[in-house]
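Analysis of the macromolecular model
Spelled out from the first residue to the last, the chains are:
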Amino acid sequence: RFLSSRLKSEPQICGCGLKRTLTNIKFHIRDTHSFVISNMSSVAAGLFDDDDGDEWVTSGIKVEASIGVEEDAFNATDIKNISEFRNKVTPFSESNELAKTYMDDSTLWRFFEAHCKERTRDAQLAAAENMFTESIEWKVAENIDSIMDGWEPSDCFQRKPKTPEATFGDKHFHCGICGTSIKGGPFMVERLGMVDVVGLTKNQEALAAVKKSYVHYLETAWRDVRSKGGKTRAIMVVDLTGLSMNLLRHLATIKELMKVATQHYPEVTERIFLINLPWGFATIWKAVSAFLPDRTKDKITSLSTPEEVTEELSKWLEGGVDQLPDFLGGKNTEHGICPALPLEDTDDSA
């Protein structure tokens, strides 16, 4: 039944599209399972809660509290948070077409979870509501669908620009998605050390084109994790090869790019790996981390040696070392990660 419904909604399936379809089915089954279990548990708990809280019994059927619901499924607290937050943003959604598409559990959870460390519940709800409305208003103002139309749709995350501006932006852009993680989300790679931050600071037209490439990259990941449902999130690798202290002189440019992610795409990533940390990174990190929310910093792990990088990242990527980009120690030479060419290396313009 799961396969039949997916085939009806995606009749043209071939190649890597089939792989993604099967992954979608897997997470559809997982979310259905977690929904049934969470609702069984809450109903049973309300009716027949035993003294030690370890199990519930109803109509002769025992429902174990320790049942194996995956960590990415919503628990009772999540469901309560989502419900309250939905009530909070419903008035705004009734007058905004994009907001209406954001009222599913998975999307609402991401906005609320982004502010779970606020001290009070009222503060959590207020901060999440503010982010929700500002993010949607920003996407409407930026005409997000028009930006996405600058690239051909791709089931395999391959970037296929179809406008001169998108083609130019991707030449100087530093990110990409090379596959799917073992948990079903996108496997995102950012070559931050390769960014021509000096050239972009001097050339605002080029910066605008690269920023659109960045928005397309983030929106692609955002739509993917939402389509998988539940708490599905991405694995991100940030390669710092080539990063220098010169970055500190152009923090405004880096901040302009980073705030797109932190302000408008909550809970896209689950884990972030920093690799190839350069000399003096502590100083650079002190400056750059000031732009990151605590929830993002808590997800970061650094990997030291090339062997550790290849071994650890291969564990998180479907296809392992065969799918891992060659510059990360893998065998994939057609990974689709943008090259981040210096502006002086190209004669064309946006």
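This text follows the structure it describes.
What you are looking at is a predicted structure, and each value in this text was computed from that prediction instead of being measured. (Residues numbered from 1 in each chain as written. Predicted model: local features only at pLDDT ≥ 70, side-chain atom pairs only at ≥ 80, totals over all residues. Heavy atoms only, no water.)

Right, let's get into the overall build of the protein chain. A count of helices and strands for the protein chain gives 15 helices and seven strands. Classification of the 350 residues of the protein chain by burial places 48% in the buried group. Long-range contacts, defined as pairs at least 24 residues apart, comprise 73% of the intrachain contacts of the protein chain with a sequence gap of at least 6. Surface accessibility of the protein chain: about 17300 Å² in total, with carbon and sulfur atoms responsible for 52%. (Helix = DSSP H or I, 4+ residues; strand = E, 2+ residues; numbered from the N terminus. Buried < 20%, exposed > 50% of the residue type's maximum accessible area, 1.4 Å probe, protein only. Contact = heavy atoms within 4.5 Å. Areas by Shrake-Rupley, 256 points an atom, 1.4 Å probe, with all protein chains shown as cover.)

The subject of this paragraph is the nonpolar core. Membership of the largest hydrophobic core comes to 65 residues, with the highest contact counts inside it found for Phe85, Phe132, Met188, Tyr214, Tyr217, Leu218 and Tyr265. At ten residues, the largest contribution of residues to this core is made by helix H10 (residues 204-228). With residues up to four places along the chain from it excluded, the contact list for Met188 reads Gly176, Ile177, Tyr217, Leu218, Ala221, Ala234, Ile235, Met236, Val237, Val268 and Thr269. Counting 15 residues, the second-largest nonpolar core is a separate cluster that includes Cys178, Ile235, Leu303 and Leu324. (Core = buried A, V, L, I, M, F, W, Y, C linked by side-chain atoms within 4.5 Å.)

Applying the stated criterion across every chain yields a total of 15 aromatic pairs. With centroids separated by 6.4 Å and ring planes inclined at 35 degrees, the aromatic side chains of Tyr102 and Phe111 adopt a geometry described as tilted. Neither Tyr102 nor Phe111 differs from the other in exposure class; each is buried. A cation over an aromatic ring shows up here: Arg191 above the ring of Phe327, its NZ or CZ 3.7 Å from the ring centre. (Phe/Tyr/Trp six-rings, centres within 6.5 Å; stacked < 30°, edge-to-face > 60°. Lys NZ or Arg CZ within 6 Å of the ring centre and 35° of its normal.)

Phi is positive for Asn143, close to 55 degrees, though the residue is something other than glycine. Of note, Asn143 is situated in the loop between helix H6 (121-142) and helix H7 (144-148). Although it is not a glycine, Asn276 sits at a positive phi angle of roughly 55 degrees. Under the relative-accessibility criterion, Asn276 is labelled partly exposed at 29%.

Let us now look at the pairing of strand S3 (residues 175-180). Of all the six residues making up S3, six are buried; the element is thus mostly covered by neighbouring parts of the structure. Here S3 runs beside strand S4 (residues 186-190); their pairing, made up of five bridges, is antiparallel. The partner of Cys175 across the bridge, within S4, is Glu190. Taking the residues that link successive antiparallel strands as the turn, the S3-S4 hairpin has five residues, and the phi of Gly184 there is positive, at about 100 degrees. (Pairing = 2+ DSSP bridges.)

Helix-helix packing is characterised by the crossing angle of the two axes and by the distance between the axes. At a minimum axis distance of 10 Å, the contact between helix H3 (residues 76-93) and H6 shows a crossing angle of 50 degrees. By the angle between their directions, the pair H3 and H6 is classed as oblique. Remark: the crossing between H3 and H6 carries right-handed chirality. Residue-level inspection shows Lys80, Asn81, Glu84, Phe85, Lys88, Val89 and Phe92 of H3 in contact with H6, the latter providing Arg121, Leu125, Ala128, Glu129, Phe132, Thr133, Ile136 and Glu137. Here the contact of H3 with H6 is composed, by residue class, of seven nonpolar, two polar and six charged. (Axes fitted to C-alpha atoms, helices over the stretch in contact; angles between N-to-C directions. Parallel < 35°, antiparallel > 145°, perpendicular 65-115°, else oblique. Left-handed = near helix turned anticlockwise from the far one by under 90°. Nonpolar A, V, L, I, M, F, W, Y, C, P; charged D, E, K, R; others polar.)

Take the pattern of salt bridges next. Counted according to the given criterion, the structure contains 20 salt bridges. With a closest N to O distance of 2.8 Å, Arg223 and Glu219 form a salt bridge. Separated by four residues within a single helix, Arg223 and Glu219 lie in helix H10, roughly one turn from each other. Connected via shared salt-bridge partners are Lys139, Asp145, Glu219 and Arg223. (Salt bridge = Lys/Arg side-chain N within 4 Å of Asp/Glu carboxyl O.)

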